[in-house]
Amino acid sequence: MNKIKVAVLGATGMIGQRFVQLLEDHPYFEISGMYASERSDGKRLGETLKIRDHEFLDESLESRISAIDVKEIARTSRVAFSGLPSDIAGGIESELAAAGVAVFSNAANHRMRDDVPLLIPECNAAHLDMVREQGSFANGGFIVTNANCSTTGIALPLKVLDDAFGLEMAIASTYQAISGAGYPGVPSLDILGNVIPYIRNEEEKMEIELAKILGSVEGDRFVPSGVQVMVNCARVPVVDGHLESLVLRAGKDASVEEIVKALEEFRAEPQELQLPSAPLRPIIVRREADRPQPALDAFAGEPARARGMSAVAGRIRKKENYIKMFVLSHNTLRGGAGGSVLNAELAVSRRLL
Ligand SMILES: NC(=O)c1ccc[n+]([C@@H]2O[C@H](COP(=O)([O-])OP(=O)(O)OC[C@H]3O[C@@H](n4cnc5c(N)ncnc54)[C@H](OP(=O)(O)O)[C@@H]3O)[C@@H](O)[C@H]2O)c1
């Protein structure tokens, strides 16, 4: 198959550089351009490196960044992977979709629109069809979003447990990595040796996004899930990987063994379709008393292309009719660029690209 030409927007940032990493030698996609602000115009990617755990190909390091030019992107690329900040992403992404580009975005602007899928393919692959409701679809352009990075990690186990045991309530507390704030993120003097129990708009986003992701599509509208979700968010001095504690109440009683079995055996459409970035096991359950840990588990996921794409659950316990557990997921991979690439792979399998 001829590879699909893709633009990376925000290529000098945390998410944009994960996109470049994941798109090197991708079986479906090839990068046709890397874009950022005027400040980065003309720089080589190698002059802007933010990701320290990946060795980029020379070809990537030598690529030049350009300032965003919607017309040029529409002329050269079928797809735009967006790692733009939300203060500018909304308008640029709409213009690209109107110009016939399929946009896979990490920004919050379009997530809650009635015609835009907020997609995690293992949870709500059917929502992808909503792109057909977008005005630009006839022209080939549409927008698909992925969720906030702390929403994505817990959406996977919540989906499984809701389907199996009928969740009524979920209380989540987050321990979120610094890379979740973008580069350079939180000032070192604020976060070193510290925990900050506030991330602007994060709790509100998680609550409404989970309702959309776990909800259903009826006709041409989203029906939010009835699971009551309450969230507390904190930033901790960890580089990558959001750890989250969950306290859940389910309608149907389940033993710890049944919960573990449901999580471990969970497979969905991306696994059946063998999409290149789909982890063989979307949820890995650790039995050790002190796992998951960001330092040990943030990059969980096989095969190599799905590194960082598995959520890792652990410390699964019951108290009366409450389930308690921890979940970890990589915020810039599964919760960011990796999630978007998986969304685009699903769109290829549906012949939307
Ligand atoms: N970090 C995460 O874990 C995570 C997870 C999920 C979603 N997200 C979302 O993904 C998006 C990107 O986050 P990030 O963490 O990658 O942020 P980041 O590290 O701050 O990167 C921002 C990128 O946007 C570019 N940019 C900024 N202003 C611009 C402008 N006026 N015109 C064109 N490009 C501009 C920057 O280019 P310059 O270098 O030229 O300024 C940079 O490439 C945000 O919407 C964020 O909420 C982040």
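The residue numbers shown here count from 1 along each chain, following its written sequence. In keeping with the predicted nature of the model, local features appear solely for residues at pLDDT of at least 70, side-chain atom pairs appear and are counted solely at 80 or more, and the whole-chain, interface and lining totals rest on all residues. Where side-chain values are given, they derive from all heavy atoms of the structure, hydrogens and water being excluded.

Enquirer: Which residues make up the side chain of H127, and what values do they have?
Expert: Along the chain, H127 turns up in the loop between α5 (121-124) and β6 (142-145). Pairs of residues are marked as contacts when any of their non-hydrogen atoms sit within 4.5 Å. With residues up to four places along the chain from it excluded, the contact list for H127 reads P117, L119, K212, I213, G215, S216, V217 and F222. The numbering of helices and of strands both runs from the N terminus, where a helix is a DSSP run of H or I of at least 4 residues and a strand a run of E of at least 2.

Enquirer: Give a detailed account of the environment of V247, specifying residues and quantitative values.
Expert: With respect to the helices and strands, V247 occurs in strand β11 (residues 242-250). When the C-alpha positions of V247 and F326 are compared, they lie 8.9 Å apart, and in sequence the two are 79 residues distant. With residues up to four places along the chain from it excluded, the contact list for V247 reads M169, A170, I171, Y322, I323 and K324.

Enquirer: Can you lay out the domain arrangement of the protein chain for me, pointing to particular residues and giving the numbers?
Expert: The source of the domain bounds is an automatic or database domain assignment. Partitioning the protein chain into domains gives domain 1 (4-148 + 337-349) and domain 2 (150-330). For domain 1 and domain 2, the distance between their C-alpha centroids amounts to 23 Å. Contact residues are listed per partner, giving 37 residues for domain 1 and 39 residues for domain 2. Accessible area that two parts lose when put together, with a 1.4 Å probe and added across both, is what the buried area reports. On the domain 1 side of the contact with domain 2, E122, C123 and N148 bury the most area, a combined 24% of that side's loss. The working definition used for a salt bridge is a side-chain nitrogen of Lys or Arg within 4 Å of a carboxyl oxygen of Asp or Glu. In this structure, the connection of domain 1 to domain 2 is made through two salt bridges. For E209, the salt bridge is made with R111, and the minimal N-O distance between the two is 2.8 Å. By the criterion applied in these results, polar contacts are pairs of N or O atoms within 3.5 Å in which, for protein atoms, one can donate a hydrogen and the other can accept it, and in which residues neighboring in sequence qualify only through two side-chain atoms. Our count for the domain 1 to domain 2 interface comes out at 15 residue pairs in polar contact (both at pLDDT 80 or more). A per-element tally of the side of domain 1 that touches domain 2 places helix α12 (residues 333-349) first, with seven residues. Three classes are used: nonpolar for Ala, Val, Leu, Ile, Met, Phe, Trp, Tyr, Cys and Pro, charged for Asp, Glu, Lys and Arg, and polar for all others, with Gly counted as polar. Grouping the constituent residues of the side of domain 1 that touches domain 2 by class yields 18 nonpolar, seven polar and twelve charged.

Enquirer: Account for the pairing of strand β13 (residues 311-319), naming residues and giving values.
Expert: A pair of strands is considered paired only if DSSP assigns at least 2 bridges between the two. One ladder, built from four bridges, connects strand β12 (residues 283-286) with β13; its direction is parallel. Counted as the bridge partner of I284 is V312 from β13. In terms of strand pairing, β13 meets strand β14 (residues 322-329) through six bridges, oriented antiparallel. When the bridges of β14 are listed, A313 appears paired with V327. Between β13 and β14, which pair antiparallel one after the other, the connecting turn spans two residues, and E320 there sits at a positive phi close to 50°.

Enquirer: Just give me the short version of the nonpolar core, but keep the residues and values in it.
Expert: F19, L23, F29, F81, F104 and L128 are the most contacted members of the largest nonpolar core, which has 42 residues in total. Every element with two or more residues in this core is listed here: β1 (4-9), α1 (14-23), β2 (29-36), β4 (79-82), β5 (102-105), β6 and α12. No other element matches α12, which puts eight residues into this core. Taken together, domain 1 (4-148 + 337-349) and domain 2 (150-330) each give at least three residues to this core, which thus spans both. Setting aside its immediate chain neighbours within four residues, L23 contacts V6, V8, F29, I31, F81 and V341. We define a nonpolar core as any set of buried Ala, Val, Leu, Ile, Met, Phe, Trp, Tyr and Cys residues linked to one another through side-chain atoms lying within 4.5 Å. Classification of residues uses two cut-offs on accessible area relative to the type maximum, computed with a 1.4 Å probe and protein chains only: under 20% is buried, over 50% is exposed, and between them is partly exposed. Core analysis: the next-biggest nonpolar cluster, separate from the first, contains 41 residues, L161, L167, L248 and V327 among them.

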